[in-house]
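Spelled out, the chains give:
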Amino acid sequence: MARRGRSLIDPSTETTRGEPSPPGPPRDGRQIRRRRAIVPGRIATPALQAIPMVFLGVFFLWPVAALVRRAIDVGTAGDSPVALLERTHALHLLWVTLGQAGASTVVAAVVAAPIVWLYARLPGSGSVVLTVIVTVPFVLPTVVVGVAFRALLNGPLAGLGMGSGWPAVLAAHAFLNVAVMVRVVGAAWRSLDTRTEEAARVLGATRTRAWWSVVAPRLAPAAGGAAALVFLFCSTSFGVIIILGGGALRTLETEIYTQAIGYFRLPEAVMLSLLQIVVVVAVLLCTRIVAPGGASGGAGARRRPSAIAGIGWIPVVLAWAWTVLVLVGPIAVLAIRSVRPTVGGSWTLAGYRALSEPVNGVTPLDTLRYSLLSAILAMVIALVVGGLAAITLHRSRGVAGLVGNAIAMIPLGISAVTLGFGYLIVLAALPAEIAASPLVIPCVQALIAIPVVIRIVIPALESVPERLRQAAAVLGAGPWRVFRTVDLPLIGRSLGAAGGFAFVMALGEFGATSFLARADTTTLPVLIGSALNRPGATELATAMAASMVLVVVTTVAVLAVEIFRPRSGTLI
């Protein structure tokens, strides 16, 4: 996300060039010292700064360390790590995982290309509607996406013969990750300085040559960063492969789950988890190398979407048709299958009625209520922990700032299944009262959302004019009052957007939660996955209906985020 530029002059001694001095009496040493104290980072006392570090240590570093320790114990007590990896065919699984992630990234880029162009071209409310359409698939639970594509590929597209297998998986991955391409590359395109491209046109370049020689190279960092993120998400995919794989497809992610839960072979699962952590860290490092700063628009005239007239509507209409076909189509088929579960069958509301019927003493509606409550708690935790981390990182510079930002982003890329397996190891050694606490699942869900909160809040803090804080300080406000009266009103919309994204990410979390869920703490994505694994038309109808409930809730949440979020930058 683009950050506002910062004056090179120390705000404690000078004002920003071109801005009036803040009101108040002439400065003296005491006022200067007070101004230096009025920065967001200073309101985070050492005790408050420790909260994000403790949370990260308990819910991320501890499970990972438990995996490493178990691997060491296994290596000294039995087979060597190399033997364990050979037994699970880890090298083959690694190449399959990387291969499908690379193929998924290519397919997502091809599918997203017309939508990226449309996003950069559309003005006003049309851009908001498009943003909602592309964002909903990204935040949908992966099990819902798997259900939608199963309905699509076994229904209207049954003639293609790709109801399951790698083609189905690649299509679902593209559907999920179009939003990354659109919101990263499209936002960079909208913010580009147009003067260089206009100069190329004046010098005789055609529109196509001007785009390839001027625009494309400047979009390359954003495109590379988006591709790296899509590759990372696809390499740790779990729910889509489980549902669309037909039980025949295996990757590192699915094999960890199979070895740990299916066969209870903990040594093998541990070694696969460690191998996957190495892959994830390598991809994250490549992301920093490929796109260290994203695309920069420069300081000149920005590309502003203009009104569309004449034949210019033809490509816009075609791009809209493509968007509806690839992003709305699967959800529309899911809606139909929720009231007609089998192809050629009768229309029925049995799936929706089954939402109120108990299964093992708990109804799907009870599960939905727990999912909403858990997601709300996770949102609050993510806002508190992520907000404090953002305030601390906002003023961190040099090596400390670089390391802090990198550590804060790692949970976004670590496999949810790997984390879930780590939690199993940790919770098994804790008292039952702690292991069975209802706060465990919200905290795990919050961990996944905290990096997104940080990425939204830090640029918002950067955009607060320093002179406003200085003026409040001169008038006698302390650090907390300055934050409450100056920063908080200006970053409120960004906090709302961060909370909305944290909510939908927590609501759709499936990988780690599937390891931890019990009868009274089952979330709706886990219930959908369980229903799909049980035979019978009633179970299928229930899964379809529950999936549509999640689609509606997610859509409403994303729409609220788009209405209230700041209009600049990107949230992904």
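Residues numbered from 1 in each chain as written. Predicted model: local features only at pLDDT ≥ 70, side-chain atom pairs only at ≥ 80, totals over all residues. Heavy atoms only, no water.

Looking up the protein in an unreviewed UniProt entry gives the name Iron ABC transporter permease, with the organism given as Gordonia polyisoprenivorans. You can read under Sequence similarities (unreviewed entry) in the UniProt record for the protein the words "Belongs to the binding-protein-dependent transport system permease family." (UniProt positions renumbered as here; feature names shortened; annotations may be inferred.)

Inspection of the secondary structure puts Ser547 in helix H25 (residues 537-564). Residues in contact with Ser547, not counting those within four places in the same chain, are Val144, Val147, Leu334 and Ile528. (Helix = DSSP H or I, 4+ residues; strand = E, 2+ residues; numbered from the N terminus. Contact = heavy atoms within 4.5 Å.)

When two helices pack together, their arrangement is given by the angle between the helix axes and the distance between those axes. In the contact formed by helix H5 (residues 90-121) and helix H8 (residues 166-190), the axes pass within 5 Å of each other and the chain directions differ by 45°. Of the possible angle classes, the one that applies to H5 and H8 is oblique. Handedness of the H5/H8 crossing: right-handed. Here the residues of the contact of H5 with H8 sort into 22 nonpolar, five polar and one charged. (Axes fitted to C-alpha atoms, helices over the stretch in contact; angles between N-to-C directions. Parallel < 35°, antiparallel > 145°, perpendicular 65-115°, else oblique. Left-handed = near helix turned anticlockwise from the far one by under 90°. Nonpolar A, V, L, I, M, F, W, Y, C, P; charged D, E, K, R; others polar.)

On the surface, a nonpolar cluster with roughly 270 Å² of combined accessible area is contributed by Val54, Val58 and Trp62. Here Val58 lies in helix H3 (residues 46-77). Here Val58 falls in the partly exposed class, since its relative accessible area comes to 35%. (Patch = residues over 30% accessible without salt bridge, like charges linked within 9 Å, V, L, I, M, F, W, Y side chains within 5 Å. Areas by Shrake-Rupley, 256 points an atom, 1.4 Å probe, with all protein chains shown as cover. Salt bridge = Lys/Arg side-chain N within 4 Å of Asp/Glu carboxyl O. Buried < 20%, exposed > 50% of the residue type's maximum accessible area, 1.4 Å probe, protein only.)

Okay, the packing of helix H18 (residues 416-428) against helix H20 (residues 440-462) next. Two elements in contact, H18 and H20, have axes separated by 12 Å at closest approach and are oriented at 145°. Relative to H20, the crossing made by H18 is right-handed. Contacts between H18 and H20 involve Leu419, Tyr423 and Leu427 from the former and Val440, Val444, Leu447 and Ile448 from the latter. Grouping the amino acids of the contact of H18 with H20 by side-chain chemistry returns seven nonpolar, no polar and no charged.

Okay, the side chain of Thr254 next. Relative to the helices and strands, Thr254 resides in helix H12 (residues 252-262). For Thr254, a relative accessible area of 3% corresponds to the buried category. Residue contacts for Thr254: discarding those within four places in its chain leaves Phe238, Ile241, Ile242 and Leu249.

Turning our eyes to something else, we now look at the nonpolar core. Formed by 164 residues in total, the largest nonpolar core has its most connected members in Phe55, Phe421 and Ile528. In terms of residues, this core owes the most to one element, H20, which gives 17 residues. There are two domains that each give this core at least three residues, and those are domain 1 (52-81 + 353-571) and domain 2 (88-249 + 310-338). Sequence-distant contacts of Phe421, defined by excluding residues within four places in its chain, comprise Leu67, Ala260, Leu266, Ala269, Val270, Ser273 and Phe515. (Core = buried A, V, L, I, M, F, W, Y, C linked by side-chain atoms within 4.5 Å. Domains from an automatic or database assignment.)

Turning next to the environment of Ala222. Within the fold, Ala222 resides in helix H10 (residues 207-235). Separated by 33 residues in the primary sequence, Ala222 and Trp189 place their C-alpha atoms 9.0 Å from one another.

Looking at where Ile448 falls in the secondary structure, it is placed in helix H20. Sequence separation of Ile448 and Ile414 is 34 residues, and the distance between their C-alpha atoms is 9.1 Å.

This brings us to the packing of aromatic side chains. Evaluated as defined, the whole model comprises three aromatic pairs. Here the aromatic rings of Phe149 and Phe175 are separated by 5.3 Å at their centres, their planes lie at 70°, and the arrangement is edge-to-face. A residue pair is termed long-range when its members are at least 10 positions apart, and Phe149 in helix H7 (residues 142-153) and Phe175 in helix H8 qualify at 26 residues. Among the residues examined, Phe149 registers a relative accessible area of 5% and is labelled buried. (Phe/Tyr/Trp six-rings, centres within 6.5 Å; stacked < 30°, edge-to-face > 60°.)

Scanning all chains against the criterion turns up three salt bridges. In this structure, Arg250 and Glu255 form a salt bridge, with 3.0 Å as the shortest nitrogen-oxygen distance. Its salt-bridge partner being Arg369, residue Asp366 comes within 2.1 Å of it at the nearest N-O pair. Of this pair, Asp366 and Arg369 are both found in helix H16 (residues 364-394), three residues apart, which corresponds to roughly one turn of the helix.

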